[in-house]
Amino acid sequence: MSHCPFCKKKIAMSKAFCSRGCKDNYFQLIAIQIPKLFLKRIYQFCTPEEREKEVEEFAARHKWRLDLLKNKLEEEAIAAGFIKDPNKES
Ligand SMILES: [Zn+2]
């Protein structure tokens, strides 16, 4: 068995993704590039309300899906130490 790289569901070895939707989402997610300065600014100098607005504008400007962008931002913010991983106890 292998895993769908987007949703992590188990799939047959012969398949690369579990669905067409996962394939599209996966490649859109890879295309999303987040500048370090943008990440730093929204997590260190913005209130949650300001951050929400910045992220929405950022998604609209690049025509990226907001939910995918938010996932990626959260991942990178955790990796950079700006926020704690909600799935990990510390
Ligand atoms: Zn999937």
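It should be noted that the structure appears before, not after, this text.
Along each chain, residues carry numbers from 1 onward, in the same order as the chain's sequence is written. For a predicted model such as this one, the threshold for reporting local features is a pLDDT of at least 70, and the threshold for listing and counting side-chain atom pairs is 80 or more; totals across whole chains, interfaces and linings nevertheless cover every residue.

This paragraph deals with the overall build of the protein chain. A helix here means a DSSP run of H or I that spans at least four residues, while a strand means a run of E at least two residues long, and both kinds are numbered starting from the N terminus. Helix and strand counts for the protein chain stand at four helices and two strands. The linear arrangement of helices and strands in the protein chain, starting from the amino end, is β-β-α-α-α-α. In terms of overall dimensions, the protein chain has C-alpha extents of about 45 × 35 × 20 Å along its principal axes. Here the C-beta atoms are placed from the backbone, and a residue counts as buried if at least 20 other C-beta atoms lie within 10 Å of its own, exposed if 12 or fewer do, and partly exposed otherwise. Counting over 90 residues, the protein chain shows a buried share of 4%. Any two residues are considered in contact once their C-beta atoms, placed from the backbone, lie within 7 Å. Considering only intrachain contacts with a sequence separation of at least 6, the fraction spanning at least 24 residues in the protein chain is 36%.

On to the environment of Phe17. Structurally, the position occupied by Phe17 is in the loop between strand E2 (10-11) and helix H1 (20-31). By C-beta crowding, Phe17 is classed as partly exposed, having 19 other C-beta atoms within 10 Å. Sequence separation between Phe17 and Asn87 is 70 residues; the distance between their C-alpha atoms is 25 Å. Not counting the four nearest positions on each side in its chain, Phe17 is found in contact with Cys4, Pro5, Phe6, Cys22, Lys23 and Tyr26.

Attention now moves to the packing of helix H3 (residues 48-62) against helix H4 (residues 66-80). Two elements in contact, H3 and H4, have axes separated by 10 Å at closest approach and are oriented at 120°. Taken together, the axes of H3 and H4 lie oblique to each other. Between H3 and H4 lies a crossing of right-handed hand. Where H3 abuts H4, its residues Val55, Glu56, Phe58 and Ala59 lie against Leu66, Leu69, Lys70 and Leu73. When grouped by side-chain class, the residues that make up the contact of H3 with H4 number six nonpolar, no polar and two charged. Fitted lines through C-alpha atoms serve as axes, helices being fitted only where they are in contact, and the angles separating the N-to-C directions of these axes extend from 0 to 180 degrees. Under this scheme an angle from 65 to 115 degrees is roughly perpendicular, one under 35 degrees roughly parallel, and one over 145 degrees roughly antiparallel; angles in between are oblique. For any pair of crossing helices, the crossing counts as left-handed if the nearer helix is rotated counterclockwise from the farther one by less than a right angle, and right-handed if it is rotated clockwise. Gly is placed with the polar residues, together with every amino acid not listed as nonpolar (Ala, Val, Leu, Ile, Met, Phe, Trp, Tyr, Cys and Pro) or charged (Asp, Glu, Lys and Arg).

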